[in-house]
Amino acid sequence: MEPVYLDNAATSPLRKEALEAMMPYLTEEFGNPSSIHGASKGPRTAVREARDTIAKTLNADSSEIYFTSGGTESDNWALISTAQMLADKGKHIIVSAIEHHAILETADYLKKNGYEITRLPVDADGLISLEELEKAIRPDTILISIMTANNEIGTIEPIAKIGKLAHEHGVLFHTDAVQAYGHIPIDVKAMEIDMLSVSGHKFGGPKGIGFLYVRKGIRLPPFMHGGEQESGRRAGTTNVPGAVGMAKAAELAHAEMSDDIVKMTELRDHYIERVEKEIPYCKLNGHRTKRLPGNANFSFSFVEGESLLMSLGVNKVYISTGSACASGSLDPSHVLLAIGVPHEIAHGSVRVSLSEKTTLGQIDYAVDALKTAVERVRSLSPLYDDFIRKQKGA
Ligand code: PLP
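Residues numbered from 1 in each chain as written. Predicted model: local features only at pLDDT ≥ 70, side-chain atom pairs only at ≥ 80, totals over all residues. Heavy atoms only, no water.

Visitor: It is not clear to me how the site of the ligand should be interpreted in this structure. Could you clarify?
Guide: Gly 71, Thr 72, Asp 75, His 100, Met 147, Asn 151, Asp 176, Val 178, Gln 179, Ser 199, His 201 and Lys 202 make up every residue found near the ligand. Separating an oxygen atom of the ligand from a side-chain N or O atom of Ser 199 is a distance of 2.5 Å. Between the ligand and the protein, one listed contact pairs an oxygen atom with a side-chain N or O atom of Lys 202 at 2.6 Å. For the ligand, whose free accessible area comes to 400 Å², the fraction covered by protein is 87%. A total of three residues in the shell around the ligand trace back to one element, the largest contributor, which is helix H3 (residues 71–85). Here the residues of the shell around the ligand are counted per class, giving two nonpolar, seven polar and three charged. (Near = heavy atom within 4 Å. Polar contact = N/O pair within 3.5 Å; in protein donor to acceptor, adjacent residues only side chain to side chain. Areas by Shrake-Rupley, 256 points an atom, 1.4 Å probe, with all protein chains shown as cover. Helix = DSSP H or I, 4+ residues; strand = E, 2+ residues; numbered from the N terminus. Nonpolar A, V, L, I, M, F, W, Y, C, P; charged D, E, K, R; others polar.)

Written out as structure tokens, the structure is:
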């Protein structure tokens, strides 16, 4: 059996077509698009076309797409530059409690620099409340940043309603769409999104490239200073192969999206159904239906997520305990704690994230391996032993 890779939310394999599209710009068409000689022409055209392709996927204008190094940079830029731009209006920013660290740490950085941050709580499914959001808005609120879909539990937030509410109160709205873009439809106009962050490697594009959508009319100051690239808003030599590869992956992901959503939702629900039926004492994290087609996150009582991963790794099933960025830390996931999962159970949580290429055979193999792994880990747990003994005695 080939390895079963179910960690596509951490990173996805580069699509073959994206690599092919990139190759010329890694070899003979190597010119710098900002040069003024002949070698710049091909790369310049390729970057323009990549921007056009990406803009179409969001119902945006090409001039509203700014290439960055990825999701983290886009998130940092949106928050820090908005804070600078609107400091005279106010210093209050609202984020959700389950944002990625790229947002939460940036918000903390702003807090240390005199801004006030409200971390909006979420319900047991990971959804924000529009009423709570409205209550949190103040006259000095300058930005609301709420993710389109969560990276750990897959919950999809009511983005269009948040955009509308933000604008009714004259507040800008940024969304971290790193996990959602390329997987579910996004229309920046219909959803009233002012700024949106994307990372190329989450939907079959290359690593080290992403973009920030900035609605026309928002004079967002640059975050990277230097040359005049990206209309003077983001300095640094353009990552031509990256932009071309990301645009190709985006084009394919959007062309195939409606079929992929159906297929991946079926596979995800099959995984959820089997786990719930075959592995006792588990709990699905995140909203049952308002969730990314490829995400399933479960907590298992009486196990450590890391022990499960090790056991699964022996069978070449690659999944994750949550955010790749947080792994290595002993703290339980802030996302699971925010949805009310108790500490000890949060530690026993694992996420699978599918791709459009995932098969039923892979899912079944993964569930079989997970079942064995949970049984093995529990068989070594004195707590589980005690629990079962009490159950029997009762
Ligand atoms: N935002 C979310 C929701 C993510 O899941 C990630 C990465 O996992 C990021 C931001 C950061 O993206 P990158 O690591 O590509 O910069």
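Structure's up, so let's keep going.
Visitor: Help me out: how do you make sense of the sheet that holds strand E10 (residues 295–300) in this one?
Guide: Sheets are built from strands that pair by backbone hydrogen bonding, the pairs being arranged parallel or antiparallel. With antiparallel pairing, the three strands of this open sheet are ordered in space as E9-E10-E12. If you trace the sheet from one side to the other, it starts and ends with strand E9 (282–285) and strand E12 (349–353), each paired once. Neighbour-to-neighbour, the strand axes of the sheet open up by a mean angle of 25 degrees, direction not taken into account. In this sheet, E10 lies alongside E9 in antiparallel orientation, the contact comprising four bridges. Bridge pairing links Asn 285 to Asn 297 in E10. (Pairing = 2+ DSSP bridges. Axes fitted to C-alpha atoms, helices over the stretch in contact; angles between N-to-C directions.)

Visitor: What am I meant to see in unusual backbone geometry here?
Guide: The phi torsion of most residues other than glycine is negative, and most of the peptide bonds are trans. Unusually for a residue other than glycine, Asn 59 sits at a positive phi of about 60 degrees. Topologically, Asn 59 is positioned in the loop between helix H2 (41–58) and strand E2 (65–68). Overall, the relative accessible area of 35% leaves Asn 59 in the partly exposed class. Positioned with a positive phi, Ser 231 is a non-glycine residue whose angle comes to about 55 degrees. (Buried < 20%, exposed > 50% of the residue type's maximum accessible area, 1.4 Å probe, protein only.)

Visitor: Mind showing me how you'd approach the packing of aromatic side chains here?
Guide: What describes a pair of aromatic rings is the distance from one ring centre to the other and the angle between the planes of the rings. Evaluation of the coordinates by the stated rule reveals ten aromatic pairs. Seen from their ring centres, Tyr 181 and Phe 203 are 5.1 Å apart, and the 75 degrees between their planes marks the pair as edge-to-face. Separated by 22 residues along the polypeptide, Tyr 181 in the loop between strand E6 (172–176) and strand E7 (195–199) and Phe 203 in the loop between E7 and strand E8 (210–214) bring together distant segments of the chain. Phe 203 gets classed as buried once you look at its relative accessible area, which sits at 5%. Here the aromatic rings of Tyr 281 and Phe 302 are separated by 6.4 Å at their centres, their planes lie at 90 degrees, and the arrangement is edge-to-face. Of the two residues, Tyr 281 sits in the loop between helix H8 (257–278) and E9 while Phe 302 sits in the loop between E10 and helix H9 (305–314), which places them 21 residues apart along the sequence. Judged by its relative accessible area of 32%, Tyr 281 is partly exposed. (Phe/Tyr/Trp six-rings, centres within 6.5 Å; stacked < 30°, edge-to-face > 60°.)

Visitor: Quick question: what am I supposed to make of the side chain of Asn 150 here?
Guide: Counting through the fold element by element, Asn 150 comes out in the loop between strand E5 (141–145) and helix H6 (159–168). For Asn 150, a relative accessible area of 0% corresponds to the buried category. Within the structure, Asn 150 has its side chain in polar contact with the backbone nitrogen of Glu 152 (distance 2.7 Å). Of note is the side chain of Asn 150, whose polar atom sits 2.9 Å from the backbone nitrogen of Ile 153. Excluding residues within four positions of it along the chain, Asn 150 makes contact with Ile 98, Thr 155, Gln 179, Leu 292 and Val 335. (Contact = heavy atoms within 4.5 Å.)

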